[in-house]
Amino acid sequence: MAQRDESGDWLGLRASEQPAEPLPSLDLRTDRAHPARVYDYLLGGKTNFPVDREVGDRILTEWPGSRTATRAARAVMHRMTRHLAETHGVRQFLDVGTGIPTGPNLHEVAQSVDPTSRIVYVDNDPIVLAHSRALLTSAPEGRTAYVEGDFRDPEHFLADPAVAGTLDFDRPIALMLVNLVHFLSDEAAHPPVRKLLDALPSGSFLALTAGTADTIPELVAIGSKRYSEAGIENHLRTRAGVERFFDGLELDDPGVALINRWRPELDDEPALADHEVSAYAGVARKP
Ligand SMILES: C[S@@+](CC[C@H](N)C(=O)[O-])C[C@H]1O[C@@H](n2cnc3c(N)ncnc32)[C@H](O)[C@@H]1O
């Protein structure tokens, strides 16, 4: 069950982020670390619990640059979204593995280009559900929806009425899988990616990032070990391993690249060096 203190405040949640209504059946499992909350802690967020901070602190002690690498992993989502909206005119996004809301969220980036943009967010972690109000702040001209769903079972969440009520499957949709697939093996991750792409019309896009140890193997291995010790499965991939997700699609320049090299000119911040990042990114069009 979600926990509250004596004054009724939800533990671990800022006042502004607490659910408007009690969520009696919500089990946040504060006894074990969760990927969304450890990621939030590494980003510098407050939506996490001691068990998550313990994992994050161990990683930060041994790999002080992990906060920079994590922020870079979030920032590339903003650039991919802006690129899809500005260069390809994409106005519909299906974001699976959304994470705890962290401004700017995907819809804020997409709707800064065109306020009519429509976004469906999907995640399977109850903490993301508890904060999903922050994802439903669409511009009035557009629409956002939050669907509780598991990436490994796309048929199930695609059938949610909120999906058809938000996205038009006769027009291009960008499937956003950002910092998600490294929690799954190839055997578990590839089938849902294919099923989701099959459901999208021609002219749709896949934007995907995935963790790698190609840049700083010793440090990333420590991070990976700390996640595993906390019971969080994780799988690092080489560039070739990430490229496999794009088989049959038309990759945009610069192809699958380290995130610091993926269109850094779209960022206000100067580009990082290779040894400061630990993920690949790619954007490709479905023919
Ligand atoms: C590292 S966070 C990334 C958040 C966001 N996409 C970003 O890049 O900033 C990974 C998210 O994927 C979610 N996730 C992990 N496995 C999932 C699954 N099988 N189905 C849906 N969401 C999942 C986690 O709950 C978490 O919110």
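What you are looking at is a predicted structure, and each value in this text was computed from that prediction instead of being measured. (Residues numbered from 1 in each chain as written. Predicted model: local features only at pLDDT ≥ 70, side-chain atom pairs only at ≥ 80, totals over all residues. Heavy atoms only, no water.)

S.K.: Hey, could you go over the packing of aromatic side chains for me, with residue numbers and the actual values?
M.R.: For the structure shown, the criterion picks out 1 aromatic pair. Aromatic pair F183 and Y227: ring centres 6.4 Å apart, planes at 55°, arrangement tilted. In this pair, F183 sits in the loop between β4 (174-177) and α8 (186-199) while Y227 sits in helix α9 (residues 217-229), placing the two residues 44 residues apart along the sequence. Looking at R67, its charged tip hangs above the ring of Y41, at a distance of 5.6 Å from the centre. (Phe/Tyr/Trp six-rings, centres within 6.5 Å; stacked < 30°, edge-to-face > 60°. Helix = DSSP H or I, 4+ residues; strand = E, 2+ residues; numbered from the N terminus. Lys NZ or Arg CZ within 6 Å of the ring centre and 35° of its normal.)

S.K.: Explain the packing of helix α2 (residues 50-62) against α9 to me, using residue names and the numbers behind them.
M.R.: Packed helix pairs are specified by the crossing angle of their axes together with the interaxial distance, meaning the distance between the axes. Packing of α2 against α9 brings their axes to within 10 Å, and their N-to-C directions diverge by 165°. The pairing of α2 with α9 is recorded here as roughly antiparallel in orientation. The crossing of α2 and α9 is right-handed. Between α2, through V55, R58, I59 and E62, and α9, the contact on the second element is made entirely by L219, I222, G223, R226, Y227 and E229. Taken together, the residues that form the contact of α2 with α9 break down as 5 nonpolar, 1 polar and 4 charged. (Axes fitted to C-alpha atoms, helices over the stretch in contact; angles between N-to-C directions. Parallel < 35°, antiparallel > 145°, perpendicular 65-115°, else oblique. Left-handed = near helix turned anticlockwise from the far one by under 90°. Contact = heavy atoms within 4.5 Å. Nonpolar A, V, L, I, M, F, W, Y, C, P; charged D, E, K, R; others polar.)

S.K.: Hey, could you go over the layout of surface pockets for me, with residue numbers and the actual values?
M.R.: Any empty space left between the atoms is revealed when a probe the size of a water molecule rolls over them. Roughly 1200 Å³ of volume is contained in the largest pocket. Along the walls of the largest pocket sit 50 residues, with P35, N179, L180, H182 and F183 positioned nearest its centre. Taken together, the elements giving at least two residues each to the lining of the largest pocket come down to α1 (35-43), α3 (66-87), β1 (92-96), β2 (118-123) and α9. When residues in the lining of the largest pocket are grouped by element, the largest group, 6 residues, is from α3. Partitioning the lining of the largest pocket into residue classes produces 23 nonpolar, 18 polar and 9 charged. When its volume is computed, the second largest pocket comes out at roughly 430 Å³. What lines the second largest pocket is a set of 20 residues, among which R71, A75, R79, D267 and E269 lie closest to the centre. Here the lining of the second largest pocket takes 7 residues from α3, the largest share from any one element. Counted by class, the lining of the second largest pocket contains 11 nonpolar, 3 polar and 6 charged residues. (1 Å grid on protein atoms, 1.4 Å probe; cavity = no way out; pocket = protein on both sides within 12 Å on 5 of 7 lines; lining within 4 Å. Points joined across faces, edges and corners; volume = space filled by probe spheres on them.)

S.K.: Which residues make up the site of the ligand, and what values do they have?
M.R.: As a matter of local geometry, the ligand sits amid 18 residues, with Y39, R74, G97, D123 and N179 nearest to it. Contact between the ligand and G99: an oxygen atom at 3.3 Å from a main-chain N or O atom of the residue. Here V178 contributes a backbone N or O atom positioned 2.8 Å from a nitrogen atom of the ligand. If the ligand stood free it would expose 600 Å²; the protein chains cover 96% of that surface. In a pocket analysis with a 2 Å cut-off to the grid points, the ligand is assigned to the largest pocket. Counted by class, the shell around the ligand contains 7 nonpolar, 6 polar and 5 charged residues. (Near = heavy atom within 4 Å. Polar contact = N/O pair within 3.5 Å; in protein donor to acceptor, adjacent residues only side chain to side chain. Areas by Shrake-Rupley, 256 points an atom, 1.4 Å probe, with all protein chains shown as cover. Sits in = over half its atoms within 2 Å of the grid points.)

S.K.: Explain the pairing of β4 to me, and be specific about the residues and the numbers.
M.R.: Burial along β4 is two-sided: A174 and M176 facing one way and L175 and L177 facing the other are all buried. Relative to strand β5 (residues 205-211), β4 runs parallel, the two sharing 4 bridges. Across the sheet, L175 pairs through a bridge with L206, a residue of β5. Following the backbone out of β4, through α8 and into the adjacent parallel β5, one traces a crossover that is right-handed. (Buried < 20%, exposed > 50% of the residue type's maximum accessible area, 1.4 Å probe, protein only. Pairing = 2+ DSSP bridges. Right-handed = clockwise from strand over helix to strand, strands pointing away.)

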